[in-house]
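# Notes for the structure review
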Amino acid sequence: MTWHVTCRIGNDDTFEPSIPSDEEHFFLPVEASEHSNNLQSNVWEIIDRRRLDPTQEAADFYRIAATVQAADIRIPRKESFDNWTRDITLHLPVSDESLWAPAKEPLTKLLRFLTGDQWSVHLREADTQRPSLRKRLRGKANPMDTQVACLFSGGLDSFIGAVSALENGTDPYLVSHRGRGGTASHVSPAQKTVYQTLEDEYGENRIRAFRALVYPPKSLTDATEPTTRSRSIVFFALGALVASSLGQGATLLYPENGFISLNVPLTHSRLGSMSTRTTHPHTISLLEEVFAEVNLNVNLKNPFRFETKGEMCQEVENVAAFQSGVHDTLSCAHPSQSRFQGGRHCGYCFPCIIRRAALAKVGLDNAPLYNYDVQSDDLTEGKREDLRAVEIAIQRSGDSPYAELMKSGPMTSDVSVLQKYVRVYQRGLEEVANFLS
């Protein structure tokens, strides 16, 4: 079954594609206040408050990303032939169809790689000018003199990334993304708390928060798909909105340790899109290709792509700031489940295991902060799944690391870079092995 998702801009956009009667379809109104299914977002309000002026190409990409997210969250995988792979066609408005046409191929490849679904993209030229400026909001904030934006999830890596930028003399815009309910009810407070730690340490004049809500209403299909493999698309799109406002060639940092970025499948059952690929090198390469095709001049940079999470912790320059905020960060894969046990980290998911191994490396592991202790608790079969996968990966880590690495997706042909990725993968497994032993 094929699903069609049509993005409409504003209250007056009535575009309706020709769709076979036996195929599913829903419209996503964006910036259309008169429509009940309008995308829930405060993006343009924050842009006005911060006196930012993103480029048209960045605005186009943001609407594309919002439509992708709506499709990913509101089309259930269980209705597909294999309970996973969906067939999705996007009908997207852009400001200049001839400009965006060359970007269709890398965009489609990017979506297919990220989610494991079959995507098709249809473009149409439309009036995609941003909503009218709200001058009442516009005058309240002074522009910030910086050319660096930094994705800020509220996790351990993004916290270290922000501290590192500030210690290097960079005053970053910290870009955060949140939805509604579920995980968002835990992520958003973490973002606020960690941001306050940074503001207390470095002063409110050196950083600025861009905390955006982007969420498709449930009424689009009355369904929710929890896998959300495309979530990084919206995050990068928000970062591009901010970075493009800071001048040509501004930098967008996406702090993530190299071991997690590669996210090599730990077992054969996790091959392909069963493992997330949010910052995989191939994801970034395709994203850069899309940006280049439409002249979206934003430089994507991960300063930690060849470091493990533990190595990131070891190299933090401001140890006092790091220690004051580290336990407020949130790394759990499903914190919504953890709330029933009273904590914020479950302790048994893959991100929790990696987090504890990293903090143990610098003497900051604190088992009572996790609902379950993988070092000592007798876990049920379901809760042992990630731990067993890690143990299997450790056991076979010395066999053929290059072959294991290639299972995560296409890699660079630059041998020296490939060797660095192999080494960070090996050191990451060793870090976890040391913790578990």
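Quick look at the structure, then. Just so it is clear, the model here is predicted, and its values are computed rather than measured.

What counts, and where the lines are drawn
Residues numbered from 1 in each chain as written. Predicted model: local features only at pLDDT ≥ 70, side-chain atom pairs only at ≥ 80, totals over all residues. Heavy atoms only, no water. Helix = DSSP H or I, 4+ residues; strand = E, 2+ residues; numbered from the N terminus. Rg over C-alpha atoms; globule rule 2.2 N^0.38 Å. Buried < 20%, exposed > 50% of the residue type's maximum accessible area, 1.4 Å probe, protein only. Contact = heavy atoms within 4.5 Å. Phe/Tyr/Trp six-rings, centres within 6.5 Å; stacked < 30°, edge-to-face > 60°. Axes fitted to C-alpha atoms, helices over the stretch in contact; angles between N-to-C directions. Parallel < 35°, antiparallel > 145°, perpendicular 65-115°, else oblique. Nonpolar A, V, L, I, M, F, W, Y, C, P; charged D, E, K, R; others polar.

Attention now goes to the overall build of the protein. Along its length, the protein carries 17 helices and 10 strands. Expected size for 437 residues packed as a compact globule is a radius of gyration near 22 Å; at 21 Å, the protein falls within 12% of this value. A principal-axis box enclosing the C-alpha atoms of the protein has dimensions of 60 × 55 × 45 Å. Relative to its full complement of 437 residues, the protein shows a buried share of 57%. Within the protein, contacts between residues at least 6 apart in sequence are counted, and of these 75% link residues at least 24 apart.

Turning our eyes to something else, we now look at the packing of aromatic side chains. Per the stated rule, a full pass over the model turns up 9 aromatic pairs. Pairing Phe 159 with Phe 322 gives two aromatic rings, centres 6.2 Å apart and planes at 15°, and the pair type is stacked. Placement of the pair is Phe 159 in helix 6 (residues 156–167) and Phe 322 in helix 12 (residues 319–325), with a sequence separation of 163 residues. For the pair formed by Phe 159 and Phe 322, the shared burial category is buried.

Let us look at the packing of helix 14 (residues 350–361) against helix 17 (residues 415–436). Running from amino to carboxyl end, helix 14 crosses helix 17 at an angle of 80°, the nearest separation of the two axes being 9 Å. Here helix 14 lies roughly perpendicular to helix 17, going by the angle between them. Between helix 14 and helix 17, the contacting residues are Ile 353, Ile 354, Arg 356, Ala 357, Ala 358, Ala 360 and Lys 361 on the first element and Glu 431, Val 432 and Phe 435 on the second. Taken together, the residues of the contact of helix 14 with helix 17 sort by class into 7 nonpolar, no polar and 3 charged.

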